[in-house]
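Okay, here's what each chain looks like letter by letter:
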Amino acid sequence: FDNLGNLLGTDQFLTLSTFGQFSLDVQPAGSIPCDQSPITFAVESPILSQQVILNPDPLCPDADSAIIAAETDFQNVAIIQWWFTNLNGVQSQLTTELNKQSITARAEGTYEVRILNSIGCQLGFDRILLMRSMDAVRPIVEESYKVCPRYEISPNINPGSFASYEWYFEDQLVSTNPVYKPIQPGAYSLIVESAEGCSYSTGFITEEECELRVSYPNAIKPGNPEKEFLIYTNFLVDKLKVSIFNRWGGLIYFCEKTDLILSESTCPWNGTYLGETIPNGTYSIRIDLENFEKKITKVQNGFILVIE
């Protein structure tokens, strides 16, 4: 009987041309029918096609391989075949990867997966072209930075443009922002992921320094470009004033600078005053330092020797 109770046959075997719910009632021959419930059963529609999607990991520049995974409902799949076509167009079946839901790809080319049912009919396929990433962009940071936890002064580190960022301080995740400002001294590491999904890592250290510092030579030689007066400041100094006086207290050189660049010299002096080379001797120097953010100031006095 069909699901509506219509009689479909009275023989031992029944050939069906439709799908759905059915029932069977079997009675003994030559006797009064027994009072019993028919046996119900279902005939399901066969699956003739099924979507399968390949999800590949990127073949990154420094990686030996990439994982390619097939995504589908494997309940109806009996056979999984993998095929590879190299860059010269030669196709071959990857027999060692038979019935694997994911494979490890090491060569550039086209990878294809085919899913078959229990009687060998192909239900679906998908293919992707896998090429090694040529992205040359890497995170750029310095080997070390100076920080001052006392005043919460430190540089903002921007390693470049990437899809995601993970900043670690001594193995602890501290930020996922594109730009990070480290405060504590110690070892940091950074893991970034490119738009293609490749991960790259780098690291740096931070050292504590909370004093406004300046360095300069204690002697110069006028007319010698290799013996000029050059001054350097650390990362805390935003403004610099340099005053050099003769033995009578007269100002013979003055320089004031802002927007200072770390590790670059500023306020050069060649040992002249009003276009004339000054006499040999010892001259006093006053240096005023200032940090704008924390309103820190410092005055440093010293001497500089001018020689032939």
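A quick note: this is a predicted structure, and the numbers were derived from the prediction, not measured.

Colleague: Please give an account of the sheet that holds strand β24 (residues 296-306) that cites residues and values.
Modeller: The strand order across the open sheet formed by 5 strands is β16-β24-β23-β18-β19, and the pairing between neighbours is mixed. Of all strands in the sheet, those with a lone pairing partner are β16 (219-220) and β19 (251-258), marking the two edges. As defined by bridge partners, strand β23 (residues 281-291) adjoins β24 across 11 bridges and the pair is classed as antiparallel. Bridge pairing links Thr282 to Leu305 in β24.

Colleague: How would you sum up the pattern of salt bridges? Please name residues and give values.
Modeller: Counting across every chain of the model gives 8 salt bridges. Residue Arg127 is joined to Glu112 by a salt bridge in which the shortest nitrogen-to-oxygen separation is 3.2 Å. On the criterion of sequence distance, the pair formed by Arg127 in strand β9 (residues 122-130) and Glu112 in strand β8 (residues 109-116) is long-range, its members being 15 residues apart. Residue classification places Arg127 among the partly exposed residues on the basis of a relative accessible area of 45%. In this structure, the salt-bridge partner of Asp288 is Arg286, at a minimum N-O distance of 2.9 Å. Residue Arg286 is classed as partly exposed on the basis of its relative accessible area, which comes to 34%.

Colleague: Please provide a residue-by-residue account of the packing of aromatic side chains, values included.
Modeller: Describing an aromatic ring pair means giving the distance of the ring centres and the angle of the ring planes. Inspection of every chain in the model, using the stated rule, returns 12 aromatic pairs. Taking the centre distance of 4.7 Å and the plane angle of 45° together, the rings of Phe84 and Tyr111 count as tilted. In this pair, Phe84 is assigned in strand β5 (residues 79-85) and Tyr111 in strand β8, connecting sequence segments 27 residues apart. Here Phe84 and Tyr111 have matching classes, each one buried.

Colleague: A description of the nonpolar core should follow, citing residues and the corresponding values.
Modeller: Counting residues in each nonpolar core, the largest one holds 27 residues, and the members touching the most others are Phe229, Ile231, Val242, Ile244 and Trp269. At 4 residues, β23 tops the list of elements feeding residues into this core. Beyond its immediate sequence surroundings of up to four residues, Trp269 is in contact with Ile220, Glu228, Phe229, Ile244, Ile252, Tyr253 and Ile278. Counting residues in each nonpolar core, the second largest holds 18 residues, with Leu54, Leu59, Ala70 and Leu123 among its members.

Colleague: Mind laying out the side chain of Asp2, listing which residues take part and the relevant values?
Modeller: Mapped onto the secondary structure, Asp2 falls in the segment before β1 (20-24). Buried and unpaired, Asp2 has Arg114 as its nearest opposite-charge partner, separated by 41 Å. Among the polar contacts made by the side chain of Asp2, one reaches the main-chain amide nitrogen of Leu4 at a distance of 2.9 Å. The contacts of Asp2, once residues within four sequence positions are left out, are Leu8, Gln21 and Phe22.

Colleague: Describe in detail the sheet that holds strand β7 (residues 102-105), supporting the description with residues and values.
Modeller: Reading across the sheet, the 3 strands line up as β3-β4-β7 and stay open at both edges, with antiparallel pairing between neighbours. With one partner strand each, in any of the chains shown, β3 (53-56) and β7 form the two edges of the open sheet. The average undirected angle you get between the axes of adjacent strands in this sheet is 25°. Inspection of the sheet shows β3 paired to strand β4 (residues 66-71) by 4 bridges, in the antiparallel sense. Pairing of Pro56 across the sheet is with Ile68, part of β4.

Colleague: Can you tell me about the state of the cysteines, naming the residues and giving the values?
Modeller: Enumeration over the complete set of coordinates arrives at 3 disulfides. The disulfide bridge from Cys255 ends at Cys267, spanning 2.0 Å between sulfur atoms. Between Cys255 and Cys267, the S-S torsion sits near -75°, and that sign places the bridge as left-handed. Placement of the pair is Cys255 in strand β19 and Cys267 in strand β20 (residues 266-269), with a sequence separation of 12 residues. Here Cys255 and Cys267 have matching classes, each one buried. In the chain, numbering the disulfide-bonded cysteines from first to last in sequence yields the connectivity 1-3, 2-4, 5-6.

About the cut-offs
- Residues numbered from 1 in each chain as written.
- Predicted model: local features only at pLDDT ≥ 70, side-chain atom pairs only at ≥ 80, totals over all residues.
- Heavy atoms only, no water.
- Pairing = 2+ DSSP bridges.
- Helix = DSSP H or I, 4+ residues; strand = E, 2+ residues; numbered from the N terminus.
- Salt bridge = Lys/Arg side-chain N within 4 Å of Asp/Glu carboxyl O.
- Buried < 20%, exposed > 50% of the residue type's maximum accessible area, 1.4 Å probe, protein only.
- Phe/Tyr/Trp six-rings, centres within 6.5 Å; stacked < 30°, edge-to-face > 60°.
- Core = buried A, V, L, I, M, F, W, Y, C linked by side-chain atoms within 4.5 Å.
- Contact = heavy atoms within 4.5 Å.
- Lys, Arg positive; Asp, Glu negative; His and termini not counted.
- Polar contact = N/O pair within 3.5 Å; in protein donor to acceptor, adjacent residues only side chain to side chain.
- Axes fitted to C-alpha atoms, helices over the stretch in contact; angles between N-to-C directions.
- Disulfide = S-S within 2.5 Å.

So yeah, pure geometry; function would need other evidence.
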